[in-house]
Amino acid sequence: MKPRYDFSGQTVFVSGGTSGINLGIAEAFVQAGARVAVMSRNPERVAAAQAQLARHGGAVMGLTGDVREPERVQQVLAEVHAAWGAIDVLVSGAAGNFLARALDLSPKGFKAVVDIDLMGTFHVLRAAHPFLRQPGASIINISAPQSYNPAPMQVHACAAKAGVDQVMRVLAMEWGADGIRVNSIVPGPVEGTTGLAKLASDQARAGMARRVPLGRLGRVQDIAAMALFLGSPDASYITGALIPVDGGISLLGARNHALDEEGAT
Ligand code: NAP
């Protein structure tokens, strides 16, 4: 993506930043001149993401860590802060998901998604507070349409992402006085991502693309462009906002698009 913003000298941290949308966001910030640190669990994925980001020539750090472990999250953020100073933009994007009807979902399965998406977001944001630039930092949660559109076979993700957005709103209120902005991006279905492939077959994805008011699935770059905007001074009066970047698909309301195999509206 051609950078529209200059983040030179700024520090960006992306949890779950080693794959898909989050890696695309990390890459956009690297291309815009930022020092970028990404964290996820799998060491191979971390190494591959670091190598991909380093190709652009900026300062890049890849760290292993699980957002379910608050002590490790704290260590990782302290390491980034010690190396590069205050964090200007923090993206919380780690998530897990799968399709299951509520009656087929064990308490363990429900908890697994809540632990990563909701508890993980809380751990990252809470641990980050002392390391954030104050005033000036921008926190960006990566939410999902399940936050406000109930979708069958997604009770775990719906509950977790609704919680993520309430965390965002409360912290926007509590941390506004510190000069920290907190917002959520809500991507629609984004092509080429693991998250979408897990939820929707090729046929279902084609059906979704037809139903999106703008007539196509999202691209990683669509989401990255919003992240750059929210991290920039142009967004300095925006906090507590839930911003769909979804081609208008959320206007179609409560449903599970992955189940509409025929592509009929
Ligand atoms: P993805 O490719 O599956 O990437 C998920 C990332 O999170 C990976 O880097 C993964 O790496 C990391 N991760 C998972 N569990 C973690 C944990 N416990 N601790 C730390 N890192 C962890 O995801 P995606 O499909 O691009 O989605 C990215 C974000 O966008 C998610 O928040 C998702 O809910 C949201 N979203 C996606 C779509 C879509 O169409 N894909 C639509 C709406 C919203 P490791 O396995 O190495 O930990």
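Residues numbered from 1 in each chain as written. Predicted model: local features only at pLDDT ≥ 70, side-chain atom pairs only at ≥ 80, totals over all residues. Heavy atoms only, no water.

A.B. asks: What is the right way to look at the nonpolar core in this model?
C.D. replies: Generally speaking, soluble globular proteins have nonpolar side chains that are buried together. Judged by nonpolar contacts, the single largest core of 35 residues is most densely connected at Phe-13, Leu-77, Leu-90 and Leu-125. Looking at which element gives the most residues to this core, the answer is helix α4 (residues 107-128), with eight residues. Every residue in contact with Phe-13, bar those within four places of it in the chain, is listed here: Ala-37, Met-39, Val-76, Leu-77, Val-80, Ile-87, Val-89, Leu-90, Val-91 and Val-124. If you look at the next biggest cluster of nonpolar residues, it comprises 33 residues, including Val-14, Val-38, Ala-49 and Ala-227. (Core = buried A, V, L, I, M, F, W, Y, C linked by side-chain atoms within 4.5 Å. Buried < 20%, exposed > 50% of the residue type's maximum accessible area, 1.4 Å probe, protein only. Helix = DSSP H or I, 4+ residues; strand = E, 2+ residues; numbered from the N terminus. Contact = heavy atoms within 4.5 Å.)

A.B. asks: In this structure, what is going on with the site of the ligand? I would like to understand it.
C.D. replies: Close contacts around the ligand come from 31 residues, with Thr-18, Ser-19, Ser-40, Arg-41 and Arg-45 the closest. One of the side-chain N or O atoms of Arg-41 is found 2.7 Å from an oxygen atom in the ligand. In this structure, Arg-45 approaches the ligand through a side-chain N or O atom, which is 2.4 Å from an oxygen atom. Protein chains shield 91% of the accessible area of the ligand, which is 890 Å² for the free molecule. Only α1 (20-31) and α6 (194-199) provide two or more residues apiece to the shell around the ligand. Looking at the shell around the ligand, its residues break down into 12 nonpolar, 14 polar and five charged. (Near = heavy atom within 4 Å. Polar contact = N/O pair within 3.5 Å; in protein donor to acceptor, adjacent residues only side chain to side chain. Areas by Shrake-Rupley, 256 points an atom, 1.4 Å probe, with all protein chains shown as cover. Nonpolar A, V, L, I, M, F, W, Y, C, P; charged D, E, K, R; others polar.)

A.B. asks: Whenever I open this one, the pattern of salt bridges confuses me. Can you help?
C.D. replies: Between side chains of opposite charge, pairing is possible as soon as their charged atoms come close. For the structure on display, the rule yields six salt bridges. Residue Arg-133 is joined to Asp-88 by a salt bridge in which the shortest nitrogen-to-oxygen separation is 2.4 Å. One end of the pair, Arg-133, is in the loop between α4 and β5 (138-142); the other, Asp-88, is in the loop between α3 (70-84) and β4 (89-92), and 45 residues separate them in sequence. Take Asp-88: its relative accessible area is 7%, and that puts it in the buried class. Measuring nitrogen to oxygen at the nearest pair gives 2.5 Å for the salt bridge that ties Arg-205 to Asp-202. Of this pair, Arg-205 and Asp-202 both sit in helix α7 (residues 202-211), three residues apart, which is roughly one turn of the helix. You can call Asp-202 exposed: its relative accessible area is 60%. (Salt bridge = Lys/Arg side-chain N within 4 Å of Asp/Glu carboxyl O.)

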